[in-house]
Amino acid sequence: MASNSKQVLLAKIDDDPTYLITTTAGGLEPSLAAVGLINPPILIQKQNIFQIVSGFRRIAAARKLGWSKIEANILDSGLPVLAYARIAVAANTAQRQLNLIEMSRALNLLEKNLPSGQQLSEITSEIGLPGNSAYIAKVIPLCHYAESLQSAIINGRVEVAMASRLNEKSNDERDALIHLFEALQLNLNQQREALVLVSEI
């Protein structure tokens with residue numbers, strides 16, 4: 001896909017989170033200050049404003065450092081949203097292994113922009129995501145769960161198989177169970193048993 005590189009005013013970059021996949025905030029300021037920008041963010045130009053496809057953390061770090069401009073790769077405008085979604089996912093999977101919430105965000109971004117009749121599993125493996133339909137079905141709802149539950153999944157305190165059951169609980173009950181699972185370092189079977197015991201009590 002064609003793109004051109006140019007300096008873009010940070011004030012002209014919109015923070016629209018449409019293509020946001022990463023769950024990590026901040027932390028890039030020291031490396032950006034020490035060595036500068038190595039991988040330019042990827043943007044789409046929409047008239048006078050630029051939308052972020054990849055590079056949310058780099059742009060946030062540049063702003064915190066007081067930069068006025070940043071080098072960016074500008075994609076051709078007017079392409080189907082799915083094309084930009086694929087680039088956003090591929091740019092993230094090329095850099096690191098996604099955590100489960102990032103995986104869920106990526107799958108949701110792709111799914112909602114698929115042409116009618118196309119299956120999500122048909123394109124996932126091409127851009128570094130699992131292609132197993134059963135796995136996709138299990139992971140795709142995770143990014144819609146309560147923030148405390150998402151955090152617990154990322155940190156490995158709650159097993160994915162338990163996530164949907166915990167999400168059905170009230171905020172207080174869910175957070176108390178998450179705290180219990182964390183304090184006792186329960187595995188999946190123990191989490192299941194604990195949930196049954198708490199329900200019976």
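Everything below is about the structure printed above this text.
Now for a quick tour of the structure. (Residues numbered from 1 in each chain as written. Predicted model: local features only at pLDDT ≥ 70, side-chain atom pairs only at ≥ 80, totals over all residues. Heavy atoms only, no water.)

Here we come to the overall build of the chain. Counting its regular elements, the chain contains 10 helices and five strands. In terms of its C-alpha atoms, the chain occupies a principal-axis envelope of roughly 60 × 45 × 25 Å. Expressed as a percentage of the 201 residues in the chain, the buried residues total 39%. Surface accessibility of the chain: about 10,800 Å² in total, with carbon and sulfur atoms responsible for 49%. If the 18 positive side-chain charges of the chain are averaged to one point and the 19 negative ones to another, these points end up 7 Å apart. (Helix = DSSP H or I, 4+ residues; strand = E, 2+ residues; numbered from the N terminus. Buried < 20%, exposed > 50% of the residue type's maximum accessible area, 1.4 Å probe, protein only. Areas by Shrake-Rupley, 256 points an atom, 1.4 Å probe, with all protein chains shown as cover. Lys, Arg positive; Asp, Glu negative; His and termini not counted. Charge placed at Lys NZ, Arg CZ, Asp CG, Glu CD.)

By the element assignment, arginine 157 lies in the loop between α7 (147–154) and α8 (160–167). A polar atom in the side chain of arginine 157 sits 3.4 Å from the side chain of glutamate 182. (Polar contact = N/O pair within 3.5 Å; in protein donor to acceptor, adjacent residues only side chain to side chain.)

For the structure on display, the rule yields six salt bridges. The salt bridge involving glutamate 126 is made with arginine 86; its shortest N-O contact spans 2.7 Å. Taken together, the residues span a long stretch of sequence, with glutamate 126 in the loop between α5 (121–124) and α6 (133–139) and arginine 86 in helix α3 (residues 81–95) at a distance of 40 residues. The partner of lysine 169 in a salt bridge is glutamate 173, and the shortest N-O contact between them spans 4.0 Å. On the accessibility criterion, lysine 169 (22% relative accessible area) is partly exposed. Exposure remark for glutamate 173: the relative accessible area of 36% places this residue in the partly exposed category. (Salt bridge = Lys/Arg side-chain N within 4 Å of Asp/Glu carboxyl O.)

On to the sheet that holds strand β1 (residues 3–9), then. Taken in spatial order, the five strands of this open sheet run β1-β5-β3-β4-β2, and their pairing is mixed. Two strands in the sheet have a free side with no partner beyond their single neighbour: β1 and β2 (13–14). Where β1 lies against strand β5 (residues 69–75), seven bridges are found, and the strand directions are antiparallel. Opposite lysine 6, over in β5, you have alanine 72 as the bridge partner. Strands in contact with helix α2 (residues 56–64) are β2, β3 (42–46), β4 (49–54) and β5; relative to β4, the strand with the most contacts, it is inclined by about 125°. (Pairing = 2+ DSSP bridges. Contact = heavy atoms within 4.5 Å. Axes fitted to C-alpha atoms, helices over the stretch in contact; angles between N-to-C directions.)

For the rest of this paragraph, the subject is unusual backbone geometry. A negative phi angle is the norm for most residues apart from glycine, just as the trans form is the norm for most peptide bonds. In this structure, glutamine 47 takes a positive phi of about 55° despite not being glycine. Considering the arrangement of structural elements, one finds glutamine 47 in the loop between β3 and β4. The phi torsion at glutamine 185 lies on the positive side, around 50°, for a residue other than glycine. By secondary structure assignment, the location of glutamine 185 is in the loop between α9 (171–184) and α10 (188–200). Using a relative accessible area of 69% as the deciding quantity, one classes glutamine 185 as exposed.

Now for the layout of surface pockets. Roughly 380 Å³ of internal volume is contained in the largest pocket. Lining the largest pocket are 22 residues, and of these Leu28, Gly55, Arg57, Arg58 and Gln95 lie nearest its centre. Of all the secondary-structure elements, those providing two or more residues to the lining of the largest pocket are α1 (29–35), β4, α2 and α3. Here the lining of the largest pocket is composed, by residue class, of 10 nonpolar, nine polar and three charged. For the second largest pocket, the calculated volume is near 190 Å³. Considering the residues around the second largest pocket, the lining is formed by 14 residues, among which Leu20, Thr24, Phe56, Arg57 and Ala60 are closest to the centre. The dominant element in the lining of the second largest pocket, judged by the number of residues it contributes, is α2, at five residues. (1 Å grid on protein atoms, 1.4 Å probe; cavity = no way out; pocket = protein on both sides within 12 Å on 5 of 7 lines; lining within 4 Å. Points joined across faces, edges and corners; volume = space filled by probe spheres on them. Nonpolar A, V, L, I, M, F, W, Y, C, P; charged D, E, K, R; others polar.)

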